[in-house]
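Residue-level listing of the chains:
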Amino acid sequence: MNTDHADVIYQGKTHTFPVVTGTEGEKAIDISSLRRETGLVTYDNSYQNTAACHSAITYIDGERGILRYRGYPIEDIAGKTTFVDTAYLLLHGEFPGKEQRALFSRKLTEYSLVHEDMIHFFDGFPRGAHPMHILSTMINALATFYPNVDLLSLQEDIDSSATRLISMVRTLAAFAYKKSIGEPMVYPRHNLSYCANFLNMMFHSPVKPYEIDQDIVDVLNLLLVLHADHEQNCSTTTVRIIGSAQVNLYATISAGISALSGPLHGGANQEVMNMLRQIRDSNATIDAVLRRAKDKADPFRLMGFGHRIYKTYDPRARIIKEACDKALKKMRVSDPLLEIAIELEQKALADEYFVSKHLYPNVDFYSGIIYRALGIPENMFTVMFALGRLPGWIAHWNEMLRDKDRKIARPRQIYTGLPLRHCNESPR
Ligand code: SDX
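Residues numbered from 1 in each chain as written. Predicted model: local features only at pLDDT ≥ 70, side-chain atom pairs only at ≥ 80, totals over all residues. Heavy atoms only, no water.

Asker: How should I be thinking about the pattern of salt bridges in this particular structure?
Answerer: In this structure the tally under the stated criterion is 19 salt bridges. When the shortest N-O distance is used, the salt bridge between lysine 178 and glutamate 183 registers 2.6 Å. Residue classification places glutamate 183 among the partly exposed positions, given a relative accessible area of 32%. The salt bridge involving glutamate 345 is made with lysine 321; its shortest N-O contact spans 3.3 Å. With glutamate 345 in helix H16 (residues 336-348) and lysine 321 in helix H15 (residues 315-330), this residue pair connects regions lying 24 residues apart in the sequence. Owing to a relative accessible area of 6%, glutamate 345 belongs among the buried residues under this scheme. (Salt bridge = Lys/Arg side-chain N within 4 Å of Asp/Glu carboxyl O. Buried < 20%, exposed > 50% of the residue type's maximum accessible area, 1.4 Å probe, protein only. Helix = DSSP H or I, 4+ residues; strand = E, 2+ residues; numbered from the N terminus.)

Asker: It is not clear to me how the site of the ligand should be interpreted in this structure. Could you clarify?
Answerer: Around the ligand lies a shell of 23 residues, among which His230, Leu302, His307, Arg308 and Arg316 are the nearest. The side chain of histidine 265 places a nitrogen or oxygen atom 2.9 Å from an oxygen atom of the ligand. Contacts to the ligand include glycine 304, whose backbone N or O atom sits 2.8 Å from an oxygen atom. Coverage of the ligand by the protein chains reaches 76% of its 1100 Å² of free accessible surface. Residues belonging to the shell around the ligand are distributed by class as follows: nine nonpolar, seven polar and seven charged. (Near = heavy atom within 4 Å. Polar contact = N/O pair within 3.5 Å; in protein donor to acceptor, adjacent residues only side chain to side chain. Areas by Shrake-Rupley, 256 points an atom, 1.4 Å probe, with all protein chains shown as cover. Nonpolar A, V, L, I, M, F, W, Y, C, P; charged D, E, K, R; others polar.)

Asker: What am I meant to see in the sheet that holds strand E6 (residues 72-73) here?
Answerer: Paired through their backbone hydrogen bonds, the strands of a sheet run either parallel or antiparallel. Reading across from one edge, E4-E5-E6 is the order of the three strands in this open sheet, with antiparallel pairing throughout. Edge positions in the sheet fall to strand E4 (58-61) and E6, since each of these pairs with one other strand and no more. (Pairing = 2+ DSSP bridges.)

Asker: What should I look at first to understand the side chain of histidine 265 in this one?
Answerer: Counting through the fold element by element, histidine 265 comes out in the loop between helix H12 (249-260) and helix H13 (268-282). A relative accessible area of 14% places histidine 265 in the buried class. Setting aside residues no more than four positions away along its own chain, histidine 265 makes contact with Asn233, Cys234, Ser235, Ala259, Leu260 and Asp364. (Contact = heavy atoms within 4.5 Å.)

Asker: What am I meant to see in the environment of aspartate 44 here?
Answerer: Examined against the element boundaries, aspartate 44 turns out to sit in the loop between helix H1 (34-38) and E4. By relative accessible area, aspartate 44 is classed as buried at 17%. Note: C-alpha distance between aspartate 44 and leucine 67 (23 residues apart in sequence) is 25 Å. Once residues lying within four places of it in the same chain are set aside, the contact partners of aspartate 44 are Asn49 and Thr50.

Asker: I tried to follow the packing of aromatic side chains on my own but got confused; where do I start?
Answerer: The geometry of two aromatic rings is summed up by the distance between their centres and the angle between their planes. What the rule picks out here adds up to 16 aromatic pairs. Between the aromatic rings of phenylalanine 203 and tyrosine 210, the centroid separation amounts to 5.7 Å while the plane-to-plane angle is 40°, which identifies the pairing as tilted. In this structure tyrosine 210 comes out as buried when scored by relative accessible area, which is 18%. Through a chain of ring-to-ring contacts, the aromatic side chains of Phe305, Tyr353, Phe354, Phe365 and Tyr366 assemble into a single cluster. Taking the ring centre of tyrosine 111 as reference, the NZ or CZ of arginine 164 above it sits at 4.6 Å. When the ring centre of tyrosine 146 is taken as reference, the NZ or CZ atom of arginine 164 above it lies at 4.2 Å. (Phe/Tyr/Trp six-rings, centres within 6.5 Å; stacked < 30°, edge-to-face > 60°. Lys NZ or Arg CZ within 6 Å of the ring centre and 35° of its normal.)

Asker: Where do I start with unusual backbone geometry in this structure?
Answerer: Among all residues except glycine, the phi angle is most often negative; among peptide bonds, the trans geometry is most common. You will see that serine 46, though not glycine, has its phi angle at about 60°, which is positive. The residue serine 46 is located in the loop between H1 and E4 in this model.

Asker: Whenever I open this one, the packing of helix H7 (residues 131-145) against helix H8 (residues 155-180) confuses me. Can you help?
Answerer: The description of two packed helices rests on the angle between their axes and on the distance between the axes. Remark: H7 packs on H8, axes separated minimally by 10 Å, with the N-to-C direction vectors making an angle of 135°. For the element pair H7 / H8, the angle class is oblique. Crossing hand, H7 versus H8: right-handed. For the pair H7 and H8, contact is made by Ile134, Leu135, Met138, Ile139 and Leu142 and by Leu165, Met168, Val169, Leu172, Ala173 and Ala176, respectively. (Axes fitted to C-alpha atoms, helices over the stretch in contact; angles between N-to-C directions. Parallel < 35°, antiparallel > 145°, perpendicular 65-115°, else oblique. Left-handed = near helix turned anticlockwise from the far one by under 90°.)

Asker: Honestly, the state of the cysteines in this entry has me stumped. Any pointers?
Answerer: Covalent bonding between the sulfur atoms of two cysteines defines a disulfide. Counted according to the given criterion, the structure contains zero disulfides. The closest cysteine sulfur to the non-disulfide-bonded cysteine 324 is located on cysteine 195, 17 Å from its own sulfur. (Disulfide = S-S within 2.5 Å.)

Asker: I tried to follow the packing of H12 against helix H19 (residues 381-401) on my own but got confused; where do I start?
Answerer: Interaxial distance between H12 and H19 falls to 10 Å at its minimum, and their mutual angle equals 135°. As judged from the angle between their axes, H12 and H19 are oblique. H19 is crossed by H12, and the crossing has right-handed handedness. Taken together, the residues of H19 that come into contact with H12 (itself represented by Leu249, Thr252, Ile253, Gly256, Ile257 and Leu260) are Thr382, Phe385, Ala386, Leu390, Trp393, Ile394 and Trp397. For the contact of H12 with H19, the class distribution of residues is ten nonpolar, three polar and no charged.

Spelled out as structure tokens, the structure:
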């Protein structure tokens, strides 16, 4: 019996609701019976205080800067395991054993080709189309080539559709990039690892063979691992809400990609580079930039700073910053934008406004600088975020589908429109 409870006293009557406790001691009032008992609903703008589900995938403690995938601290995983192993961990709850890894890798290779008829779709997009819009469209279109995805029931079908998606997203992303620069598309190869295959599809050309550099492959694995999941963020919540209507996996992920493309969410990594470049080109002082970020009358915000959950340094930003220093030194790349970013961080973290509002660098603040050093074009930065986040989205979709208490998501509202009124004459 859960002895923990919360009392709501309303119109002189006391209503008692159970308090549920998570693995790490976090607590929530279970208000499932609130409206039935009191006629009340709760109002919580943008779900800032609302737990919409139970989940066993990722744990975040925003006050202490903790991020764990299936119980493992991100520091134990990032830079120490591959993205493929991390994807398997998020999807299945454990790292793969030798046989499971071999089968998963074989399936990822097998599924890496897209249907040849899909390639013609790329001809229809305007040259300057943003790769996130192309990716979202192409992922949605997969349901027309693999219609059984609408009838997914057996777990093995779900697993194969998930593996197909994790594999194919690389090919579609690289094809979108090649199309945007007018180069021939490069097909996936059977003898390259997940990340090496993606880099080869992005940068190989018939006249300029791409040399696989394991250091670069390792950096890309690290970046994709760091982006792989983040519990109930905007795009994952989108996936859960759309998936709750039993929409097929491809359409559900297509919506997640669209949510991620927003500049307040995954689109921030591209916005950070725009901000750093504007600072460099305008010769604005860092102090002037910080003044603008603090000025309520100015819509400018410090992109890559602040977070709904982290009220201390985002552990991913810390790891990316270290990797950034190492990668640029190893590649003998000096990027003036990195110097600006470091100075911006130092001054912001010494500024009362940012300290008092717990505004720290988030995952997007340094990631763009590494992607740039790897040769990834800026309009592909958020696509890289989507490649990383895909296993997390699918793991949450799967978890939601298997929840025995699953219901279609349908929040309530507080109506503030006009009261009842009638048309003076019958509507024309
Ligand atoms: C991601 O949820 C996730 O987990 C997301 C993510 C993931 O892995 O999925 O971590 C990925 O989306 C990271 C965030 C990327 N976005 C940005 O970097 C955009 C810049 N950041 C801000 O827009 C903002 O910090 C958000 C959107 C990230 C969080 O916004 P909140 O939680 O709604 O906070 P808020 O806007 O209510 O801000 C609280 C206060 C406000 O001041 P007051 O009204 O209290 O005086 O802090 C200020 C804000 O003005 N503030 C900022 C700021 N962020 C918040 N001021 C200047 N610069 C900023 N970046």
